[in-house]
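One letter stands for each residue in the lines below.
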Amino acid sequence: MLPKQKYTYGKQSISWGDIWEVVKTLRSDYLTQGPTIKKFEDAICAYTGAKHAVALSNGTAALHLATLALDLKPSDVGITTPITFIASANCMLYAGAQVTFADVEPTTANIDAAQIKKHITPNTKVLIPVHFTGQSCDMEAIAALAKQHNLFVIEDAAHAIGSDYKGTKVGSCAYSDMTIFSFHPVKTITTGEGGAITTNSEELYKKLMTLRTIGVTKDPSILLKQDGPWYYEMHTLGFNYRLTDMQAALGISQLKKLDGFVAKRRELVDEYKKLLKDDLRFGYLEEQSYSKAAFHLFPLLVHHDKISMNKKQVFEALKSCGLLLQVHYIPVHLQPFYSKLGFKEGDYPVAEKYYQQAISLPLYPSLTKGDVRYIVGVIKDTVR
Ligand SMILES: *Cc1c(COP(=O)(O)O)cnc(C)c1O
């Protein structure tokens, strides 16, 4: 039987208003390095409450520059979660340092502060909590550990623009040195490719701005001499990680709609939970009292001890019914590259168990409650 309708797990929402903003920059004087970048950064600051924002070409670049700005030594170690996109771990290696993992909480699949504590050694320098699915990690506990052991904190908020933690916006950096965002089309707001770092530190902000533009500066307070108005100097090895003005225009327009997107995502998650809660074959992650999440993902947890199908069979059966889903994530420590660094199966049992169960269901603003009812109906009829 042909599927009635096809659904992917995520999809961008682009309006004619968004398109018009992009078209206007195409007819302006600047396609890149123009005034729209600063306007987008100011809008990110206004939304999150952070003092500074640096717009960048993607979220991975944001993680790269965030770790580089910390001037790490080769012996320095960062701790992140295995349940994340690989870039959250890779960024420590980009900066010439090392990375390890701490296991997750079973109820949220977020990094567990008690597990972080077990992995802290004198070489630990950075904590990289990832706000998985958009739900903030327990930042008070993480910030307390960072303070006690003198560690930097970089929040990976690629899933969490628009999320709150204890009434503060994720990205305010109330509990961290820097927060990174991604604006890839599957994320809550998009610029095509794009990312940003927020920080309240003037010093980090200046470093990040220079690193974004190849390491070149015209700041008179830094220049060693003043040859003339054309003069610039390079003091650090930077990159071209700039966002374009067309992308920034799209970002400004999307940011205006963020609260509406979040409300819709939360409504759809409530509907999924209502429809799934009495079915023993399935479960889902729980939202904690400290969180108001801008849900980027809604992972269905399949209890394989209650059904006969294995994960591959479930995934393929749902695909043949038109549900083109994804799994977030294959635990990073199980990637061949990380096996070579000595990580192995069994190292992070809660994360590995989570991976066995999780399949991300469709979640995006143009989805309706009727779509959710149809999707859950298909799942209940198919999984056995
Ligand atoms: C998407 C994502 C990134 C990387 O963002 P890109 O813009 O795709 O480079 C980093 N961390 C997490 C958790 C992500 O989901």
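Residues numbered from 1 in each chain as written. Predicted model: local features only at pLDDT ≥ 70, side-chain atom pairs only at ≥ 80, totals over all residues. Heavy atoms only, no water.

A. Geometry of the site of the ligand. In the region of the ligand, 15 residues are neighbours, and Gly59, Thr60, Asp156, Ser182 and Lys187 sit closest. Separating an oxygen atom of the ligand from a side-chain N or O atom of Tyr329 is a distance of 3.1 Å. Relative to its unbound accessible surface of 380 Å², the ligand loses 92% to contact with the protein. Looking at the shell around the ligand, the element that brings in the most residues is helix H3 (residues 59-68), giving 3 residues. (Near = heavy atom within 4 Å. Polar contact = N/O pair within 3.5 Å; in protein donor to acceptor, adjacent residues only side chain to side chain. Areas by Shrake-Rupley, 256 points an atom, 1.4 Å probe, with all protein chains shown as cover. Helix = DSSP H or I, 4+ residues; strand = E, 2+ residues; numbered from the N terminus.)

B. A look at helix H10 (residues 311-320). Of the residues making up H10, those classed as buried are Lys311, Val314, Ala317 and Leu318. Considered in projection along H10, the buried side chains sweep an arc of 135° and stay on one side of the axis. Pointing more than 90 degrees away from the buried face of H10 are the exposed residues Lys312 and Lys319. The opening residue of H10 is Asn310, an N-cap whose side-chain oxygen sits 3.1 Å from the backbone nitrogen of Lys312. Phi for Gly322, located one or two positions after H10, is positive at around 95°. (Buried < 20%, exposed > 50% of the residue type's maximum accessible area, 1.4 Å probe, protein only. Arc of directions from axis to C-beta.)

C. Broad picture of the sheet that holds strand S9 (residues 178-182). Strand order in the open sheet made by the 7 strands is S2-S10-S9-S6-S5-S3-S4, with mixed pairing throughout. Strand pairing shows two members of the sheet lacking a second neighbour, strand S2 (52-56) and strand S4 (98-101), which therefore form its edges. Each adjacent strand pair in this sheet contributes to an overall mean axis angle of 20°, direction not counted. Inspection of the sheet shows strand S5 (residues 124-128) paired to strand S6 (residues 152-156) by 2 bridges, in the parallel sense. Residue pairing for S6: Val126 is matched across the bridge by Phe152. (Pairing = 2+ DSSP bridges. Axes fitted to C-alpha atoms, helices over the stretch in contact; angles between N-to-C directions.)

D. A look at the nonpolar core. Within the largest apolar cluster, 46 residues are counted, with the highest numbers of intra-cluster contacts made by Phe132, Ile154, Met178, Ile197 and Tyr354. Here this core gathers at least three residues from each of two domains, domain 1 (16-255) and domain 2 (258-382). The contacts of Tyr354, once residues within four sequence positions are left out, are Ile83, Ala109, Phe132, Leu285, Pro299, Leu301, His328 and Tyr329. (Core = buried A, V, L, I, M, F, W, Y, C linked by side-chain atoms within 4.5 Å. Domains from an automatic or database assignment. Contact = heavy atoms within 4.5 Å.)

E. Fine view of the side chain of Thr48. For Thr48, the position within the fold is in helix H2 (residues 35-48). A distance of 3.2 Å separates the side chain of Thr48 from the backbone nitrogen of Ala50, its partner in a polar contact. Look past the residues within four positions of Thr48 in its chain and what remains in contact with it is Lys169, Val170, Gly171, Ser172, Phe181 and Thr198.

F. Broad picture of the packing of helix H1 (residues 16-26) against helix H8 (residues 245-255). In the contact formed by H1 and H8, the axes pass within 8 Å of each other and the chain directions differ by 150°. Considering the angle they form, H1 stands roughly antiparallel to H8. H8 is crossed by H1, and the crossing has right-handed handedness. Contacts from Gly17, Asp18, Glu21, Val22, Thr25 and Leu26 of H1 reach H8 at Asp245, Met246, Ala249, Leu250, Ser253 and Gln254. Considered class by class, the residues forming the contact of H1 with H8 number 5 nonpolar, 4 polar and 3 charged. (Parallel < 35°, antiparallel > 145°, perpendicular 65-115°, else oblique. Left-handed = near helix turned anticlockwise from the far one by under 90°. Nonpolar A, V, L, I, M, F, W, Y, C, P; charged D, E, K, R; others polar.)

G. Seen up close, the packing of aromatic side chains. The final tally for this structure, using the stated rule, is 14 aromatic pairs. Taking the centre distance of 6.0 Å and the plane angle of 40° together, the rings of Tyr284 and Phe298 count as tilted. Placement of Tyr284 in strand S13 (residues 282-284) and of Phe298 in strand S15 (residues 298-302) is noted, with a sequence separation of 14 residues between them. The class for Tyr284 is partly exposed, based on a relative accessible area of 22%. Under the relative-accessibility criterion, Phe298 is labelled buried at 3%. (Phe/Tyr/Trp six-rings, centres within 6.5 Å; stacked < 30°, edge-to-face > 60°.)

H. The environment of Asp305, seen in detail. Looking at the secondary structure, you find Asp305 in the loop between S15 and H10. Residues Asp305 and Val130, spaced 175 residues apart in sequence, show a C-alpha to C-alpha distance of 29 Å.

I. A look at the sheet that holds S13. Taken together, 3 strands build an open sheet; the order of strands is S13-S15-S17 and the sheet is antiparallel. In this open sheet, the two edge strands, each paired with only one partner strand, are S13 and strand S17 (358-361). Averaged over neighbouring strand pairs, the angle between their axes works out to 40° when direction is ignored. As paired strands, S15 and S17 are joined by 4 bridges and run antiparallel to one another.

J. Seen up close, the packing of H3 against helix H7 (residues 202-212). Relative orientation of the contacting elements H3 and H7 amounts to 125°, with a least axis distance of 10 Å. What the angle tells us is that H3 and H7 run oblique. In terms of crossing hand, the pair formed by H3 and H7 is right-handed. Each of Leu65, Ala66 and Leu68 in H3 lies in contact with H7, whose residues at this interface are Leu208, Leu211 and Arg212. Looking at side-chain class alone, the contact of H3 with H7 contains 5 nonpolar, no polar and 1 charged residues.

K. Summary view of the pattern of salt bridges. Per the counting criterion, the structure on display carries 18 salt bridges. With a closest N to O distance of 3.5 Å, Lys73 and Asp76 form a salt bridge. The partner of Glu271 in a salt bridge is Lys274, and the shortest N-O contact between them spans 3.5 Å. With Glu271 and Lys274 both in helix H9 (residues 258-276) and 3 residues apart, this pair spans about one turn of that helix. (Salt bridge = Lys/Arg side-chain N within 4 Å of Asp/Glu carboxyl O.)

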